[in-house]
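Architecture and fold: a report
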Amino acid sequence: MLTFVLVHGAWHDGSAWETVIKHLQAQGHQAFAPTIAGHGKSVDKNVNHAQCTQSIVDSIVGKDLTDIVLLGHSFAGTIIAKVAEAIPDRIRRLIFLDAFVLNDGESLRDSLPPHYQALFDSLATKSDDRTMMMPFELWREALLNDADLELARSSYARLSPEPYQPWIDKLDLKQFYSLPIPKSYLYCTEDNVLPQGEQWGWHPRMSNRLGLFRLVQMPGSHEVMFSNPVGLAEKIIVAGRD
């Protein structure tokens, strides 16, 4: 039996993992899905990256979870990297699910193509609280391109504005890159959020920064936890096993 901690990406909260968790539990595993500070509906969005990280550390320590497989989706790749620095002795393996793996000293914004930088800057500037709300057209065509329109609409209704500050904070990752924790990269082959390929894409651009890592692939979009939660649960088990 493995103990998984699944950390959601931007615009989400922990409820994004509900169906995935059911299938992990059906296979005999434990799974938890904390919500990152500043994420979810009707919460204070005035958070920085360090506060986001600390909220996940607090959740893990508060439940006294040890020997965990810690997974981060998308934005949360940067969260689990910093969590690993804080509590390395509690982590058995890290899984990056189509997740950002930044170079030392970069921000999330730095790793985006110019058109996304401009979009995010504009969304944050126009909002009242320096947040970004995902445009439905982008969600439909780029993030959840393997779902029908009904699922795209119902899942979009669960999203909430994303704090901008965590995306512009520069991250010191020297300690992360010195950790001996085993790592996996789980890549969904139809993920079209970042332009595919070596210049901007998730794999191999992000994944290869991990050094020695296990590569697991599956068909699906960036939001495969909605479009194929059963298949994702199975691949998470493969990515997390010894």
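Within each chain, residue numbers correspond to sequence positions counted from 1 in written order. Residue-level local features of this predicted model are given only where pLDDT is at least 70; pairs of side-chain atoms are given and counted only at 80 or more, and the full residue set underlies all totals for whole chains, interfaces and linings. Excluding hydrogens and water, the side-chain figures rest on all heavy atoms present in the structure.

- Under an unreviewed UniProt entry, the name given to the protein chain is Salicylate esterase, and the organism recorded is Chroococcidiopsis cubana SAG 39.79.

1. Re the nonpolar core
- Among the nonpolar cores identified, the biggest contains 83 residues, and Leu70, Trp167 and Leu232 are the most heavily contacted of them.
- Going along the chain from the N terminus, every DSSP run of H or I of four or more residues is numbered as a helix, and every run of E of two or more is numbered as a strand. Top element by residues in this core is helix α3 (residues 76-86). It accounts for six residues.
- Between two residues, a contact is recorded if the distance between any of their heavy atoms is within 4.5 Å. Excluding residues within four positions of it along the chain, Trp167 makes contact with Ala10, Phe75, Phe100, Ser107, Leu108, Arg109, Leu112, Phe120, Met132 and Glu162. Working definition of a nonpolar core: buried Ala, Val, Leu, Ile, Met, Phe, Trp, Tyr and Cys residues. They are joined through side-chain atoms within 4.5 Å. With a 1.4 Å probe rolled over the protein chains alone, any residue whose accessible area is under 20% of its type maximum counts as buried; one over 50% counts as exposed, and the rest are partly exposed.

2. A short note on the packing of aromatic side chains
- Note on aromatic pairs: the rings of Phe, Tyr and Trp (six-membered ring only in Trp) are paired at centre separations within 6.5 Å, and the planes decide the class, stacked below 30 degrees, edge-to-face beyond 60, tilted for the rest. According to the stated counting rule, one finds eleven aromatic pairs in the structure shown.
- Note on Tyr116 and Phe120: the rings are 6.0 Å apart at their centroids and 40 degrees apart in plane angle, and the pair reads as tilted. Within this pair, Tyr116 and its partner Phe120 are both found in helix α4 (residues 114-126), separated by four residues, close to a single helical turn.
- Seen from their ring centres, Trp139 and Phe226 are 6.3 Å apart, and the 65 degrees between their planes marks the pair as edge-to-face. Here Trp139, found in helix α5 (residues 136-143), pairs with Phe226, found in helix α9 (residues 224-227); they are 87 residues apart in sequence, far enough to count as distant.
- We classify Trp139 as buried; its relative accessible area is 1%.
- Three or more aromatic residues joined by ring pairs make a cluster, and in this case those are Trp11, Phe75, Phe100, Tyr116, Phe120, Trp167 and Trp202.
- Its end group placed over the ring of Phe176, Lys183 keeps NZ or CZ at 5.6 Å from the ring centre. Should the NZ of a Lys or the CZ of an Arg lie within 6 Å of a ring centre and within 35 degrees of the ring normal, that charge is described as sitting over the ring.

3. Considering unusual backbone geometry
- At the junction of His203 and Pro204, the peptide bond is cis and its omega measures out at 15 degrees in the coordinates.
- The residue Pro204 is located in helix α8 (residues 202-206) in this model.
- For Ser74, which is not a glycine, the phi torsion comes out positive at approximately 55 degrees.
- Within the secondary structure, Ser74 sits in the loop between β3 (68-73) and α3.
- We classify Ser74 as buried; its relative accessible area is 8%.
- With a phi angle near 55 degrees, Arg130 is a residue other than glycine that sits in the positive phi range.
- Overall, Arg130 belongs to the partly exposed group, its relative accessible area being 41%.

4. Re the side chain of Gln117
- Tracing the chain through its elements places Gln117 in helix α4.
- Judged by its relative accessible area of 18%, Gln117 is buried.
- A polar side-chain atom of Gln117 sits 3.1 Å from the main-chain carbonyl oxygen of Leu112.
- Those residues in contact with Gln117 that sit more than four places away from it in its chain are Arg109, Asp110 and Leu112. Nitrogen and oxygen atoms within 3.5 Å of one another constitute a polar contact, given that in protein one can donate a hydrogen and the other can accept it, and given that sequence-neighbouring residues count only through two side-chain atoms.

5. Describing the sheet that holds strand β4 (residues 91-97)
- Overall, parallel pairing links the six strands, which are arranged β2-β1-β3-β4-β7-β8 in an open sheet. Of all strands in the sheet, those bounded by a partner on one side alone are β2 (30-32) and β8 (214-218). Averaged over all pairs of adjacent strands, the angle between their axes in this sheet comes to 20 degrees, without regard to strand direction.
- One bridge is not enough; two strands pair if DSSP finds at least two bridges between them. As paired elements, strand β7 (residues 183-188) and β8 share five bridges and run parallel to each other. Looking at the pairing, Cys188 lines up with Met218 of β8. Between N-to-C directions, angles span 0 to 180 degrees; the directions come from axes that are lines fitted to C-alpha atoms, helices contributing only their stretch in contact.

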